[in-house]
Structures are given as C-alpha cells and as structure tokens.
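If you want the building blocks of each chain, they are given just below.
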Amino acid sequence: MPQLDLQTLESWLWDSANILRGSIDSSDFKNYIFGLLFLKRANDVFEEAVEATMARDGVSREEAEEEPHFKMPAEARWAEVKKATENIGVVLDKAFAAIERENTQLEGVMTATKFGDKEKLSDATLQRLLRHFNQHSLRNADLYTPDLLGDAYEYLIKQFADDAGKKGSEFYTPRGVVKLIVGLIKPEPKNRVYDPTCGSGGMLIEAARYIAQQPGGKVGNNINVSLYGQEKNLGTWAIAKLNMLLHNFNSADLRKGDTLVSPQHKNSDTELMLFDRVIANPPFSQDRWWTPAEIHQEKKLDKKGKEKEIAPNYASAVVDKFGRLHYGIPPRGYADLAFLQHMLAVLKQDGRMGVVLPHGTLFRGGAEGSIRQKLLDADLVEGIVGLPSALFYNTGIPAAIWVLSKTKAEALKKKVLMLDASQEFKEGKNQNELEDRHVERILAAYAAAQDEEKFMRVVELTEIKANDYNLNISRYIDRSEAAAAIDLPTVHAALRELEAKEAEIDAKLERLLEEIGI
C-alpha cells in the first residue's frame, strides 16, 4: 500500500465532516472528528510499537504491550471499538475514558466531547464514521513524512474555522498573521515560549517551527524549546492538547482557565512564571473581563420602575494579587490592555512579546490613553505594525501588532517603529489573506529599521508625545497621493480648441437646416 501523502490525508479527513453534516452544528464537527482521529492514530502507533518490540526482542505480545509509553487499554483498542453495532457512542465514551485513566497527561481532554447522545449522533452515523476512519492506516511507516499528521491536523483546524465563520476566531488565527508575529519576536533555541490565550496552539507550534530552523534549534529529533499556554474554552483547550501531541510536543504545558482572573503558570500563590517570548491573539475588546467584579452586581430602579444593573467601577473593583495591571486598570468594556499587561508581567527582562490588538488600542482615550502613555514613557513599546482589514474571522476591522521589549536595542531607545502594512494582502471573497511574500516584506522592513516612504518610519518618542501619545499610524505615515499639478495654459488652450469646434458644428448645423427650409 502506498504511503499517505498530505493531499490525500487532508481530503480523506475533511470528507469525515460531510458524514456529520445535518446531524450536528458545523461549529461542533471538530470536537468529534479530532477525537476519532486521535483514537485511530494512537491505536495504529501503539500496534506499530508493539509489533516492533516483538520482532526486535522476541517477546510475547502481552510483554510487548507493556513497552510503549502511551498506554492503550483493551476497551479503547480500535479492533474492539469498530466491532460495536449498537450504543456505539457509549462504547466510544468508555474508550476515551479508559485512555484518560491510563494516560493521566490527557485527563479531561478525551472526555470533553460526549459521543453517547443519540439525539445528536445515531448508531448509523457513528458506524459510517468508524468505517471512514478505518480506510487508512496512520502508522508512522504508512505516512509520507512523520510530520504529516500534525500538518493535516492544522489543515483541519483551518477548514473548521472557515466552516464555523465568526466562531472560528475562538480557536484559530490566520497562518499569515501567526508567521508575522513569530518573525517579529524572533524566538531562539532553549526559549520558554508562552501564549496566555493559546486557542488551538497554532502560535506555539509556529514558534517551535521557527526555532527548528535556527542553529542549535534541534537536539536530535526534538526541537529545543519549552511551550506553555492557557486557554479558557474547554473544547478549544482539548484541541490544543491533541495538536501538541500530534506534533510530538508531548511536554507542552497547556492549562485550562481564564488567564486574566486565574493565571495558571505560577511559581507560588503570588508569583508568576517568567518567559523568554510571549505571544498572543486575545479576544478583541472583551467586555466584563474581571469575573469577580461581575458576580454580585447591584441593581437600582430606573425611571420606569424597572430593575437596572449598576455597572461596577473597575478602577476600584479590580484587585490583582499578582500586580500585573501596573500601568492602570483598563475599562470594563475593553480587556485589550489587560491582556497586554499580563503578557508584560510574565516577560523576562531580556524577553520580547508580540500581541494582536484592535486598532482602537492605538488611540482610545481615558484609562486606555493613560496606560498607553505610561507604556511609552517607560520605553517599552518597540514597534507597531498595522495589519490589513478583514484578516480575521470575527471582525472586519483592522488590527495591529504591538511588539514590546523591556530592554530595547540601543539604536531603538526612545523610538517606536511604525509600519503600515494595511495594503499588504491578497484580496479574498470573504476574508483577506496575508501571504508569505507580504510577511517577508514586512519582516525585512521592520528588521532594517529604516524609513521607507508610505510604509515604515522610525518615530522619535518626542513626536509621539507631541501627538498626545496617540499611536494611530496615519498620524506618522502619510499614504495619501499628491494631486497632480494643473497646467493652466494647457487647459486654457484645450478649452479654446473645444469652443472653436463647437462653433464649427453650430455653423454646419445652421447650413443643414437652411437647406431643408427650416
């Protein structure tokens, strides 16, 4: 049997979604398909390892089954699962629970999705799915390259994000944006890389890929990096965990929970872990972001006698025991600069961070204006890269990448690199796309740190102060086209010529009318 190539694998996996259409909401396809994909892959790799041990060591199958690090309990074996003809969902739920029981690093991952609800998934639908996944072997020896399954998994994540529309933004950042932000912060071998809103883990994996290309980036077959992440959405966290396993990042430390209210990567109850690189695409302008302040809301009667909630005053209600909001408390309706300050708080002194935020963070006033001013006065902002509009699933508004460093290069001190990449995109039907050629041009200009007309400027902090700490890119990079100069003598001559032609036509018309007696 020929080895599976990427195109065949992607097409085969995406066809599994068509089996589920009509049964469940398209935004939920991924939860079921990723679970079955992992079950099939884990079984095939387990069988491959057991057979190799038996052949190499001449031991019995029972002895060889003790060898693999990843345990596959009897009730989770593919051969057993595919025998089921009724209550198949219950059989699958038991299989996933058994895998979690024997492999504690997967606790809560496999059982995040329930297959046993016959209202959603009938036995007939599940039988079709199992038959579909039974078509190909996912053993390492049957894949064209060892990385194939991880690449196909990423393809599926993008396809599911496309299919889910706006909901896709909850777990997927477009690849071009991810490549750009990784290229801006330049992770290095041995780095600890952290994403506080990691979604399906794409930014962390891209950071690892970048490091793998650097000298010393790999130790044997392993990439020389430590990956950390946190994700609030349980289903998305489970997808990220499987993504890491399928890319062979078995030690990636991904945790569940709300990063702002309850950061999970800590040295103690009051001290957070520090990282070399911090990267994120947090939800844009999340409101009511400090849950403790929203639990017991006071109410009052309005003029019509109806109860009305009294919005909590975040300036006094938000108290962070980790001291992350050092530069100010963002307003209740905009969590953007809370995420930025969390990232800054966990960044090492010689580290770099990059975060995608909506354009409003560049110029909004009030509490956000005050925070922006303090960040600039502390000389923490290295660069702002304005992105094209319509790149993301959940919004058509343009966004910008903030690059921050606690120890800026000498040549960049008291300066901010401003780059307008708003025209660097390939236009799409529903979404625009940042292609590799666009990413490369932006990264080259940013690295050069030289003025480039209508594209890039190295702006002195004094100029930004004179603009009242407003970072709106159009204030610093003028993209308007100068109007063409008008040559008055030429225009006047053209008018005289037109007048002469008009007079000639009038005379001709007059003669014609006389000839016909009018």
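Residues numbered from 1 in each chain as written. Predicted model: local features only at pLDDT ≥ 70, side-chain atom pairs only at ≥ 80, totals over all residues. Heavy atoms only, no water.

Per an unreviewed UniProt entry, the protein chain is named site-specific DNA-methyltransferase (adenine-specific), and its organism is Hymenobacter jejuensis. Heading Catalytic activity (unreviewed entry) of the UniProt record for the protein chain holds this comment: "a 2'-deoxyadenosine in DNA + S-adenosyl-L-methionine = an N(6)-methyl-2'-deoxyadenosine in DNA + S-adenosyl-L-homocysteine + H(+)". Recorded in UniProt under Sequence similarities (unreviewed entry), the annotation for the protein chain is "Belongs to the N(4)/N(6)-methyltransferase family." (UniProt positions renumbered as here; feature names shortened; annotations may be inferred.)

A. Quick look at helix α14 (residues 366-377). In this model, α14 (12 residues) spans 17 Å end to end at C-alpha, consistent with the 16 Å of a helix rising 1.5 Å per residue. Buried within α14 we find Glu368, Gly369, Ile371, Arg372, Leu375 and Leu376. The buried residues of α14 occupy one face: seen down the axis, they fall within an arc of 160 degrees. In this structure, the buried side of α14 is in contact with α13 (336-345), β10 (381-386), β11 (399-405), β12 (415-420) and α16 (461-466). Directly beyond the C-terminal end of α14, a positive phi value near 55 degrees is found at Asp379. (Helix = DSSP H or I, 4+ residues; strand = E, 2+ residues; numbered from the N terminus. Expected span 1.5 Å × (residues − 1). Buried < 20%, exposed > 50% of the residue type's maximum accessible area, 1.4 Å probe, protein only. Arc of directions from axis to C-beta. Contact = heavy atoms within 4.5 Å.)

B. Geometry of the packing of aromatic side chains. Overall, the coordinates contain 10 aromatic pairs when judged by the stated rule. With a centroid separation of 5.5 Å and an interplanar angle of 70 degrees, the aromatic rings of Phe284 and Phe392 are classed as edge-to-face. Separated by 108 residues along the polypeptide, Phe284 in the loop between β6 (275-280) and α11 (291-294) and Phe392 in the loop between β10 and β11 bring together distant segments of the chain. Accessibility assignment for this pair places Phe284 and Phe392 in one class, buried. Through a chain of ring-to-ring contacts, the aromatic side chains of Tyr32, Phe96 and Phe115 assemble into a single cluster. Over the ring of Tyr334 we find Arg364; its NZ or CZ atom is 3.7 Å from the centre of that ring. (Phe/Tyr/Trp six-rings, centres within 6.5 Å; stacked < 30°, edge-to-face > 60°. Lys NZ or Arg CZ within 6 Å of the ring centre and 35° of its normal.)

C. Spotlight on the packing of helix α1 (residues 6-20) against helix α6 (residues 123-133). For the pair α1 and α6, interaxial distance at closest approach is 10 Å and the crossing angle is 170 degrees. Between α1 and α6, the angle falls in the class roughly antiparallel. Contacts between α1 and α6 pair Trp12, Leu13, Asp15, Ser16, Ile19 and Leu20 from the former with Thr125, Arg128, Leu129, His132 and Phe133 from the latter. A per-class count over the contact of α1 with α6 returns six nonpolar, three polar and two charged. (Axes fitted to C-alpha atoms, helices over the stretch in contact; angles between N-to-C directions. Parallel < 35°, antiparallel > 145°, perpendicular 65-115°, else oblique. Nonpolar A, V, L, I, M, F, W, Y, C, P; charged D, E, K, R; others polar.)

D. Examining the UniProt feature "domain: N6 adenine-specific DNA methyltransferase N-terminal" (unreviewed entry) in the protein chain more closely. Per the UniProt record, "domain: N6 adenine-specific DNA methyltransferase N-terminal" (unreviewed entry) is annotated on residues 9-133. With 60% helix and 0% strand, residues 9-133 has end C-alpha atoms that lie 11 Å from one another.

E. Structural context of empty space enclosed by the protein. Following the criterion strictly, the structure yields two cavities of 30 Å³ or more and no others. Taken as a whole, the largest cavity spans an internal volume of roughly 130 Å³. Taken together, 15 residues line the largest cavity, and the ones lying closest to its centre are Asn31, Val109, Thr113, Ala238 and Leu242. Only α2 (29-57) and α10 (234-246) provide two or more residues apiece to the lining of the largest cavity. For the lining of the largest cavity, the class distribution of residues is 10 nonpolar, four polar and one charged. For the lining of the largest cavity, the domains that each give at least three residues are domain 1 (6-144) and domain 2 (175-475). There is about 40 Å³ of room inside the second largest cavity. Counted by class, the lining of the second largest cavity contains five nonpolar, one polar and one charged residues. (1 Å grid on protein atoms, 1.4 Å probe; cavity = no way out; pocket = protein on both sides within 12 Å on 5 of 7 lines; lining within 4 Å. Points joined across faces, edges and corners; volume = space filled by probe spheres on them. Domains from an automatic or database assignment.)

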